[in-house]
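# Observations on the model geometry
The primary structure of each chain is shown beneath.
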Amino acid sequence: MTLRFYNTLTRQVDPFVPRTPGRVSMYTCGPTVYNYAHIGNFRTFLFEDLLRRWLEASGFEVLHVMNLTDVDDKTIKGARAAGKKLVQHTKAFADAFFEDCTYLRIRPASEYPRATDYIAPMIALVEGLLATGVAYQSDDGSVYFAIAKFPAYGRLSRLDTRELKSGASGRVSADEYAKEDARDFVLWKAAQPDDEEVGAAWDAPFGRGRPGWHLECSAMALDILGRKWGEKVLDIHAGGVDLTFPHHEDEIAQSCAFTGEKEFARVWMHGEFLTMSGTKMSKRFGNILTARDLAEQGIDAAAVRLLIFQTHYRQPLDFTDESLAAAGQAVRRLAAFTERLAGPGRGGDDSALSAAAADLRRDFTEALDDDLNAPRAVAALFDCVTAGNRALDGGAAIGAAVRSAWAWAIEVLDVGQGVTKVDADLAGWVEAKLAERVTARQARDFARADAIRKEVEGRGVEVEDTAQGPKWRLR
Ligand code: AMP
Ligand code: ZN
């Protein structure tokens, strides 16, 4: 079977065919950097990380763009509350976001455009839409997109006109009266004193102001896709399910009206929510847990990743401490098998383990090819542990096939225990320190040996003295 994904546009699982064979352009809506991202946000980013990893493992070259929303109502409000300029306020949270991504082992995107660095393409987009007549300027200077002039509006979210109206009125703003039609959405907001105060206003031929959130993603995606690959249509656009309407619907309307193309992205993929006690995790509801909370508790990122991947991305996932602890146990079980495979093995036959490796490669591939069925891929890992341990208990030899299949599958999900992810600098430093400690102990300088141990532990490392010398691992 071939690689296939559920496409929100077609409402079915379709074979995945990129526009150009061998390469995939993918745009994923990134964080709004007005606060720390929570693990609900990261559930979506981890689904996208796995999507990108699986595309690459399947042999595609991937252009992955993830934006940072660093100007919108929330960031401006946050900057004002903090008494800072917009750029100062958002920079701290952008830095924190990248730290969290590193902790969670999210592969860096090819580009991370920040909205405030793309004001010129945003202005060009608005100008283009004004020129074609699908946009209009209201009396207060804001520019709106006229939905009535774009017949394909609503195709992605499949909402009827009545629902579209109520959806739009859910976002009623003070300048609602300025629109010609309640469903119209803002492209460019005329500058307000609050915007000026934090430095969130830019000059444009159609008046000073700032971009609307939907406009930002269209402009950044089209600008980068055009510059890098000379194209106007994405292969994949992804985000959380709450972005389907109005955000993605509006992105399609603006982009297609501007480029003249029938589509903005071939495939639209949406991840379901992470909940707590059944309620969507959201800053608004105050039920959030951040990645840094987990890092501070010493939780191995592998456990977080495994927990997320144990549920299909299109199913809701209710987060509990118990499920995280169980995922931690599961990671240790995987790690124990990794360690066993790294051992010498016995001199017997390696056919049982080779068969387990072949099953793993087949089941894991079939699972992820089938609309990124990560829970089935995880199950394939555990099937391999069971079959592999049985074979090893029976005296099987360990061949290269099982070692490479296992390493490949663990790396795609990136759920190897922390110790396998220690960076080389830290590992070198720890080794040198432990050698120093051995020397100190041989000289019976126990105070010095203890001090070194404390120093090493201070870097999150656990030391165990064994008959073969000191062993260490990340806590
Ligand atoms: P934001 O920072 O609010 O712009 O959201 C960033 C991403 O996180 C978007 O793709 C949202 O759809 C997604 N998101 C927000 N809340 C959740 C949640 N509770 N579970 C999963 N994804 C979420
Ligand atoms: Zn977006």
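Residues numbered from 1 in each chain as written. Chains lettered and ligands numbered in written order. Predicted model: local features only at pLDDT ≥ 70, side-chain atom pairs only at ≥ 80, totals over all residues. Heavy atoms only, no water.

### Some words on empty space enclosed by the protein
Under the criterion given, the structure shown has three cavities of 30 Å³ or more. Of the pockets and cavities examined, the largest cavity occupies roughly 90 Å³. Along its surface, the largest cavity is lined by 13 residues, and Phe 47, Phe 309, Thr 311, His 312 and Tyr 313 are the ones closest to its centre. Taken together, the elements giving at least two residues each to the lining of the largest cavity come down to helix H1 (39-57) and helix H10 (301-309). With four residues, H1 is the single largest residue contributor to the lining of the largest cavity. (1 Å grid on protein atoms, 1.4 Å probe; cavity = no way out; pocket = protein on both sides within 12 Å on 5 of 7 lines; lining within 4 Å. Points joined across faces, edges and corners; volume = space filled by probe spheres on them. Helix = DSSP H or I, 4+ residues; strand = E, 2+ residues; numbered from the N terminus.)

### Focus: the pattern of salt bridges
When charged atoms on two side chains of opposite charge get close, those side chains can pair. Under the criterion given, the structure shown has 37 salt bridges. Lys 433 is paired through a salt bridge with Glu 436; the nearest N and O atoms lie 3.9 Å apart. Taken together, the residues Lys 433 and Glu 436, both in helix H15 (residues 424-442) and three residues apart, mark about one turn of the helix. We classify Lys 433 as buried; its relative accessible area is 14%. We classify Glu 436 as partly exposed; its relative accessible area is 33%. Residue Asp 465 pairs with Arg 453 through a salt bridge whose shortest N-O separation is 3.5 Å. Separated by twelve residues along the polypeptide, Asp 465 in strand S14 (residues 461-466) and Arg 453 in helix H16 (residues 446-457) bring together distant segments of the chain. On the accessibility criterion, Arg 453 (24% relative accessible area) is partly exposed. (Salt bridge = Lys/Arg side-chain N within 4 Å of Asp/Glu carboxyl O. Buried < 20%, exposed > 50% of the residue type's maximum accessible area, 1.4 Å probe, protein only.)

Purely geometric stuff here, so don't read any function into it on its own.
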